Amino acid sequence: MNAPVTASVIGVASAHESAELHVSGRATYIDDLPEPHGTLQVALGLSSIAHGHLRVLDLSAVRAAPGVVAVLTGADIAHNRSGAIIADEPILVDDLIQFHGQPLFAVAALTRAQARAAVRLARVEVETLPAILSVAEARAAQHFVLPPVTLARGAAEAALQSAPHRLSGQLAQGGQEHFYLEGQVCLAQPREQDTLHLWCSTQHPTEMQHLVGHVLGWSAHQVSVECRRMGGAFGGKESQSAQWACIAALLAVRTGRPVKLRLDRDDDMRATGKRHPFLSQWQVGFDDHGQILGLQVELASDCGFSADLSGPVNDRALCHVDNAYFLDAVQIRSLRCKTHTVSHTAFRGFGGPQGMLVIETVLDDIARHLQLDPFDVRCRNFYAETAGAGRDTTPYGMTVEDNLAPALFAQLVQDANYRARRAAVAAFNQGGGPLRKGIALTPVKFGISFNATHYNQAGALVHVYADGTVLVSHGGTEMGQGLYTKIRQVVAHEFGLPLDKVRLSATDTTRVPNTSATAASSGTDLNGKAAQAAARKILQRLAQVAAGLCGADPAAVRFEGGRVRAQGTQTLDSGFAELTAQAYRARVQLWDSGFYATPKIHFDPVTKTGRPFFYFAYGAACTEVAIDTLTGETRVLRVDILHDAGRSLNPAIDIGQIEGGFVQGMGWLTSEQLCWRADGALATHAPSTYKIPTATDVPQAFHVQLYAHDNREDTIHRSKAVGEPPFMLALSVFSAIRAAVAAAVPGLQPIALDAPATPEAVVRALGGLERTDPDAVGRP
Amino acid sequence: MSATPIRFVFRGALHQVSDVASTTTVLEWLRLQVRAMGTKEGCNEGDCGACTVVIGELDVDAPGGVSLRAINACIHLLAMLDGKALFTVEDLAAADAPLHPVQQAMVDCHGAQCGFCTPGFVMSLYSLYENRQQPPDHGEICHALAGNLCRCTGYKPIIAAALLAWQQPSQRLDRSGVHAQLQAIAQRPDLDYQAPANVGAGRVQAPATLAGLAQALDAAPKACILAGATDIGLWINKQGRHLPHLIHLDRVPELQAITQSADGALQIGAAVTHTRAWAALVAQVPALADLARRFAAPTVCNAGTLGGNVANGSPIGDAMPALLALDATLLLQQGAGTREVALADFYLGYQRSVLQPGEFLRSIHVPALPTSMSMPTSIPSAAGAAQSAGLPVQAAGLHVQVASYKVSKRADQDITAVCAAFRIELQEGRIVQARVAFGGMAATPVRARQCEAVLGGAAFTADTLRAAQQALHAELTPMSDLRASAAYRQQVAANLLARFWLEVQQTLGGAPDNDGRAVRLDQVEASA
C-alpha cells in the first residue's frame with residue numbers, strides 16, 4: 001500500500017518543520033505565549049547551605065512586599081514528596097535541607113521584578129549539619145541513594161591473576177550542565193470544574209500531569225499538560241521540569257489565577273540536576289596483543305541528594321562499559337553515591353558516556369603499555385562481526401547481532417587517513433617545542449530502548465479532515481531534535497501527500513495519554529511507528545472507498561503525489577482531497593489512533609540480564625588535537641565521523657544530531673567544568689563561568705558522513721535512533737588529548753588526566769604543577 | 001533641567017518612552033512592554049547571545065552615515081538607546097515578505113534545531129552582513145558569533161549559513177532613511193530621564209558636553225557612571241542592586257574620541273567601545289591582535305568600553321596587563337580640574353582606585369613604542385615611516401617586542417585565569433627596558449617589578465629567564481577560584497614568560513632548535 005520510495009518524502013533532507021519560524025523569531029516558546037489576564041509571576045527562595053535543618057522561615061516582609069499575592073512554603077503542601085521513580089524529594093523544603101540552592105519557598109507577585117525583589121526580604125535560620133560534597137567522600141562513607149549493583153560474567157579475578165600483563169587506573173569524570181538555551185518554565189491556568197491546564201517546557205508531559213495531580217491530591221483527568229516545542233532539553237527537562245510545574249500548579253490553585261514560573265538562569269543552574277560525575281577504578285589483564293582477558297571496574301557516581309533517575313542512569317552506565325568490545329571475564333560494580341548536592345539526572349547518553357569513557361581509557365593504556373597502535377588494540381577487542389561463533393554476547397547476556405563497529409572502523413581509518421596522520425603526529429611531536437599533538441579513533445555502540453521495558457510504548461492520533469489535510473498528535477515532544485519533522489515525513493509518506501498537507505499539533509496529554517518521556521533516543525522509533533499505525537488504519541478505509549468507486553481491489557489503490565489512483569472496472573485518478581470529501585459523505589471514519597510497543601525486549605532488573613535493547617546504533621570518530629604544554633590549553637584540529645543512522649529518515653536532521661552531539665560531548669570533556677565551593681554552592685552557575693563550546697572551538701575540518709545501512713530490525717523505515725549515540729563520538733577528543741599528554745612526557749605512567757581536560761587538568765596530568773624548567777621548553 | 005523622555009527609532013518610527021524604570025533593559029522593554037517575543041532571554045547576563053539586537057547610530061565614518069552594531073539587549077539599558085535606532089529580528093522580514101538572506105541561509109543550511117538561540121544568531125549575522133560587502137572567512141564568522149551560544153547544532157551549519165548569505169541576492173538596509181530619522185533627533189537636549197514613581201523613581205542623565213558631565217558629577221558625586229553597562233547590567237539583573245542615579249558618558253564627544261598626538265601616542269576617550277579602542281591599539285601594536293580577538297565577543301565589545309574596563313579595575317580585566325606593559329597613563333577630571341596618573345599607580349586594592357567621588361576617567365593615553373630597528377631588512381622602511389609620522393627614530397640595534405597572552409578555559413568570550421603582557425627592549429644584547437604585567441595574579445592588575453628588575457640590564461638568556469621566573473614566583477601570590485588554582489596560576493605565569501622568551505628567540509633567530517616551530521596553538525594545523 002506504500003507509495004514507492006522514489007517518490008517519497010522519506011529520506012529527504014527537508015528543513016525542520018519550524019525552520020522559518022525559528023529564523024524569523026515567530027516560533028513561540030512558553031514564555032512567549034500571550035499571558036492570560038491576571039497572570040502572576042513566581043520567584044524562588046533558595047537554600048544557602050548544603051545540609052541542615054530549616055529552623056526559621058520568616059516570610060512576613062516577603063508577604064508585605066509590593067505586588068506580592070501569595071507565598072508558598074513546604075509546610076503549605078499536603079503531599080510534599082515527589083520524584084520520577086521514588087518519592088524522596090520535597091517540592092519545597094519542610095525541614096531537611098539537602099543541597100545548596102534547594103528551593104525553600106516560592107513567591108507569586110504581579111510582576112517578575114516584584115517577585116524577585118520580595119524573595120530577598122526573607123529571614124532564614126538554619127541549623128547546619130556536616131555535608132558530603134564529593135563522590136570520593138560519599139564512597140568512603142558508603143553513603144548511597146540506592147544499593148550497589150554488580151554486573152559480572154566469568155571469573156574476572158582469576159583472569160586478571162593469570163594474565164600476562166596487568167594495568168590499573170582511576171578516572172574522574174565531571175558532570176555537565178545541560179544548558180538548554182530556554183530555561184525551565186511553566187504556565188499554569190486554573191479552569192472550570194477543578195481542572196488545571198499547564199503549558200510546560202518538558203520532555204515528559206505525562207509525568208508532569210501525574211506529579212502535579214499527586215501534589216494537588218487530584219486525579220489525572222483533572223490535569224492537562226501541553227508542549228509545542230522546547231528551546232533545548234537534552235535530558236534536563238525529563239524529570240527536572242516537574243518541580244516547577246508543581247509549584248506553578250500549587251500557586252495557581254491557591255490563588256485561582258494563572259501563574260507563570262520561569263527560572264532565572266542562575267537559579268536554574270543551581271536548582272536543577274546535571275549529568276552524574278563519576279569516579280571509576282579499574283584493573284585489566286591482557287595478552288601480548290592487547291586482547292583483554294579480565295576486567296574489574298568500579299563505577300562510583302555522584303547521584304546528589306535523591307534517587308531521581310539515578311537507578312536507570314547507572315544501569316545504563318553498567319551496560320555500556322563494554323562499548324563495542326567483548327569482555328569475557330568481567331566484573332563491574334556500580335555505587336550510587338549520595339551527596340549533598342543537586343540531584344543528578346538524565347543527560348544525553350544517560351550514563352552511557354561515563355561507562356564508555358572508562359573502557360576507552362583502558363584500551364589506550366593497554367596500547368601504550370604494549371607500544372601498539374590503539375586502533376589495532378581496539379579492533380582486536382571488538383565483538384565478533386557475525387553472531388553465533390563466540391565473542392558475541394554482552395556482559396548482560398544480550399547477543400550482538402548487528403555489529404557494525406568493525407566495518408565503520410575499516411572505512412573511517414581510510415577516509416580519515418588515520419595511519420599516515422598518526423605517523424605525522426609522531427613526527428611533529430619528535431620535533432619538540434611547547435606544543436604536542438594527539439590523534440585517536442574511537443567507536444560507539446549504543447543500546448537503543450529504555451532499559452526499563454515498560455517505557456517502550458507510544459501512541460498517536462491522526463486526523464484526516466474532510467478537505468484532505470492531516471493533523472497528527474503523538475506522545476513525543478519536540479526539543480529541536482526534529483521529531484515533528486520526521487513524524488510529518490512518516491505520515492505524509494503513508495498518505496502519499498506533500499509535506500505541507502500534514503501538520504503536527506502541540507503535544508498534549510488530552511490528545512494522547514500515558515506517554516513515555518521523549519528520551520533514550522527513542523522518540524522517532526516509538527512515535528513514528530505509532531503514527532504510521534494510525535495512518536495505515538485510515539488509509540485502509542480510504543482504499544476501500546477508492547476501490548468501491550472504481551471496482552478495484554483495495555490493495556491495488558495507490559496514494560502518491562497527493563493523488564489516489566486505481567485501476568478496476570473503471571480508472572480512478574482522484575485528488576486526495578476529493579477522495580476524503582467523498583469518504584466523509586459516505587460516513588467513513590477519517591481519524592484513528594495508533595499504538596506501538598517495541599518487540600523482542602526484556603530485562604531482569606535483579607540479575608541485570610536480558611535483551612534490554614532492540615538494537616544498537618554505531619559510530620566512529622577520528623579526532624586530532626594539539627595541546628600547549630605551557631598552559632594546558634587544547635585545540636581540536638580535525639574531526640572525521642562515520643555514523644550509523646540506519647536508513648536515514650532525514651539526513652539533514654541526522655547529521656545535525658551527529659554534529660551537535662559531538663560538540664556537546666567535546667564540551668563535556670574539555671571546557672565544561674562544574675565547580676562547587678567548600679560550602680557546597682555551585683560556583684559555575686551562569687554562562688559567564690560555565691563554558692560550553694563556541695563556534696571557534698569547532699574545527700573547520702569537521703567531516704561527517706552517514707553509514708548507509710538498513711537497520712536489520714523492523715524500525716520505522718529501517719532507520720536508527722540518533723539523539724544520543726553521537727554524543728559519545730567525542731570520547732575520541734579525550735583519547736587524543738591523553739595521547740598528546742603522553743607524547744609530551746615520554747614514559748609518563750599513568751596518564752592521570754581527569755575529565756574535563758581543562759587547561760589546569762592537562763597541566764596536572766603533564767606532571768603536576770612543579771615543572772617549570774625553561775631548559776625543557778622548546779627542546780625535544 | 002526638565003525631565004526628558006527616551007527617544008529612539010524603532011520599527012521605522014520615532015519612539016518616545018517615559019513610562020519605564022530608569023534601569024529597564026532593552027530586553028525587558030521588548031518582551032514585557034512591546035510584547036515583541038522574537039528576542040529571547042537565555043541568561044540575562046550578556047553571555048549567551050539569545051537576546052542579540054542591532055543598534056544604529058549616526059557615524060560620519062560609516063556607510064550612509066549610520067553605524068550598525070550587535071549588542072546584548074539583556075544588559076543594555078533602554079535609556080542608552082536615546083538618540084539611536086533599535087533593530088530586532090522582527091525587523092528583518094515582515095510576516096508576508098521573503099526572509100532576509102541571512103534568515104534564508106539559516107533555513108537552507110539547517111542552522112536551527114530548537115530555535116531558541118536562532119534569533120540571536122540571525123542578528124549577529126545580520127550585523128556582520130550589514131558591515132561587510134565581501135563574504136567573511138571562517139575565522140571572521142567564528143569571531144562574529146563568539147557571543148552566541150548554540151547547544152544543538154555544533155555551529156557547523158550556522159557557519160555554513162553565514163557563507164551562504166552573501167551568495168544570495170543582496171538585501172541591504174536603507175541607511176539613508178535611518179540617517180534622516182536619527183538626524184531629526186540629533187539636536188535633542190541632554191537626556192535627563194526621570195522614571196515615574198509607580199515604576200520606582202530613578203534618574204538617568206546623559207550630558208552632551210564635557211562641562212555638562214563634570215557639572216552633573218560634581219552635583220551628584222554618588223551617582224553611578226554608566227558607559228557600556230556590560231558590568232552595570234549584571235548589577236541590575238543578578239544582584240538586584242539599586243542604582244537611583246546613573247550618568248551616561250555616551251554623548252560627550254571628547255569621551256568618544258580617539259586621537260593620536262605628534263609623538264605617536266594614542267588618546268582613547270573613556271566612552272570609546274572596546275571594538276573601536278582595540279582597533280586603534282592593534283594598529284599601534286600589532287602584537288596585541290590575538291588579545292584583541294579573544295578579549296570578548298563583539299556583542300560585548302560593541303557596548304563595553306576600554307574606560308570602563310580600566311575604571312572598574314577588576315583584577316581579571318584583560319586590557320590592563322597590556323596597558324601596563326605599554327606604560328599607559330590616565331587623565332582624570334573633577335569639575336574643571338584634571339590630573340594625570342600612571343595606570344601602574346591607579347589601583348589601590350581590590351576594585352579600589354585613586355578616583356575620588358565626582359571624579360571621572362576622561363581618557364587613556366598610550367605612548368608610542370620606540371621603533372624596533374633590529375631587523376636589517378626593515379630599517380629603511382621603518383625609519384622612513386617613523387620619520388614621516390614624526391616618531392622618534394631610535395639608534396640601530398634596538399629590538400622592541402611586545403606580547404600579551406590570555407589563558408582561559410575557553411578560547412572565546414571567557415574570563416581570564418591568567419592574562420600576561422610583556423614588553424622588552426633589547427640593545428646590543430642587553431635588556432634596556434622590561435615590562436611584565438599580569439591579570440589574575442593579584443587583587444589588582446599588576447606589574448611584576450621584581451621580575452622586571454631581574455630582566456633589566458641582563459642578556460635575555462635561559463638563565464635570565466629562570467631568574468625572572470623565580471622572581472615572579474616570589475612576588476605574586478594569586479588566589480584559587482573556579483577559574484584556576486593558585487598553583488596553576490603561578491606556574492602558568494612563569495610559563496608565559498617562557499613562551500615570550502621563546503618568541504623573542506625566534507624573532508632574533510637565536511634558537512636554532514626552535515626555528516620556525518609553532519609556539520601557539522592557533523599556529524598549528526591538522527596533520528596532512
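Reading guide: rules and limits
Residues numbered from 1 in each chain as written. Chains lettered and ligands numbered in written order. Predicted model: local features only at pLDDT ≥ 70, side-chain atom pairs only at ≥ 80, totals over all residues. Heavy atoms only, no water. Helix = DSSP H or I, 4+ residues; strand = E, 2+ residues; numbered from the N terminus. Rg over C-alpha atoms; globule rule 2.2 N^0.38 Å. Buried < 20%, exposed > 50% of the residue type's maximum accessible area, 1.4 Å probe, protein only. Contact = heavy atoms within 4.5 Å. Pairing = 2+ DSSP bridges. Axes fitted to C-alpha atoms, helices over the stretch in contact; angles between N-to-C directions. Arc of directions from axis to C-beta. Domains from an automatic or database assignment. Polar contact = N/O pair within 3.5 Å; in protein donor to acceptor, adjacent residues only side chain to side chain. Buried area = accessible area lost by both parts, 1.4 Å probe. Salt bridge = Lys/Arg side-chain N within 4 Å of Asp/Glu carboxyl O.

Draft legend 1. Local environment of the overall build of chain A. Along its length, chain A carries 19 helices and 29 strands. In terms of C-alpha radius of gyration, chain A reaches 27 Å, essentially the compact-globule figure of 28 Å for 780 residues. Viewed in the frame of its principal axes, chain A has a C-alpha envelope of about 90 × 75 × 50 Å. For chain A, the residues scored as buried account for 67% of the 780 residues in total. Residue pairs in contact within chain A that sit at least 24 positions apart in sequence constitute 79% of those at least 6 positions apart.

Draft legend 2. Quick peek at the sheet that holds strand β27 (residues 615–628) of chain A. All names here are of chain A. Strand order in the open sheet formed by four strands is β16-β27-β28-β29, and the pairing between neighbours is mixed. What marks the edges here is a single partner per strand, and that holds for β16 (435–448) and β29 (701–706). Neighbour-to-neighbour, the strand axes of the sheet open up by a mean angle of 15 degrees, direction not taken into account. Here helix α17 (residues 651–669) sits on the sheet in contact with β27, β28 (634–643) and β29, set at roughly 135 degrees to β29.

Draft legend 3. Geometry of helix α12 (residues 405–415) of chain A. Residue and element names in this part refer to chain A. Listed as buried for α12 are Ala405, Pro406, Leu408, Phe409, Leu412 and Val413. On an axial view of α12, the arc spanned by its buried residues comes to 155 degrees, and they lie on one face. At its buried positions, α12 is contacted by α11 (374–381), α13 (418–430), β16, β27 and β28. Among the residues trailing α12, Asn417 stands out with phi positive, at a value near 55 degrees.

Draft legend 4. Geometry of the domain arrangement of chain B. Structurally, chain B comprises domain 1 (6–182) and domain 2 (393–526). A straight line from the C-alpha centre of domain 1 of chain B to that of domain 2 of chain B covers 39 Å.

Draft legend 5. The arrangement of the side chain of Lys260(A) in detail. Residues and elements named next belong to chain A. By secondary structure assignment, the location of Lys260 is in strand β12 (residues 259–262). Residue Lys260 is classed as buried on the basis of its relative accessible area, which comes to 2%. Among the polar contacts listed, one links the side chain of Lys260 to the side chain of Glu35, at a separation of 2.7 Å. Excluding its chain neighbours within four sequence positions, the residues that come into contact with Lys260 are Ile30, Asp31, Glu35, Thr39, Leu40, Gln41, Val42, Val185, Cys186 and Leu187.

Draft legend 6. Highlighting the sheet that holds strand β17 (residues 457–464) of chain A. All names here are of chain A. As summarised here, the arrangement of the four strands in space is β19-β18-β17-β24, forming an open sheet in which the pairing is mixed. Among the strands making up the open sheet, the edge pair consists of β19 (502–504) and β24 (591–597). Going across the sheet, the axis of each strand differs from the next one's by a mean of 20 degrees, ignoring polarity. Note: β17 against β24, seven bridges, orientation antiparallel. Each residue of the ladder has a partner; that of Leu461, found in β24, is Ser593. Here helix α15 (residues 523–550) sits on the sheet and contacts β17, β18 (470–474) and β24; the angle it forms with β24, its principal contact strand, is near 140 degrees.

Draft legend 7. Layout of the domain arrangement of chain A. All names here are of chain A. The domain boundaries assigned to chain A delineate domain 1 (19–26 + 457–597), domain 2 (35–130 + 184–262) and domain 3 (278–451 + 605–778). In this structure, domain 1 and domain 3 have C-alpha centres spaced 40 Å apart. In this assembly, 22 residues from domain 1 lie in contact with 21 residues from domain 3. Where domain 1 abuts domain 3, roughly 1,500 Å² becomes buried across the two surfaces, and 59% of that area is made up of carbon and sulfur atoms. Looking only at domain 1, the three residues that lose the most surface to domain 3 are Lys486, Ser521 and Asp525, adding up to 36% of its buried area. At the junction of domain 1 with domain 3, the criterion picks out two salt bridges.

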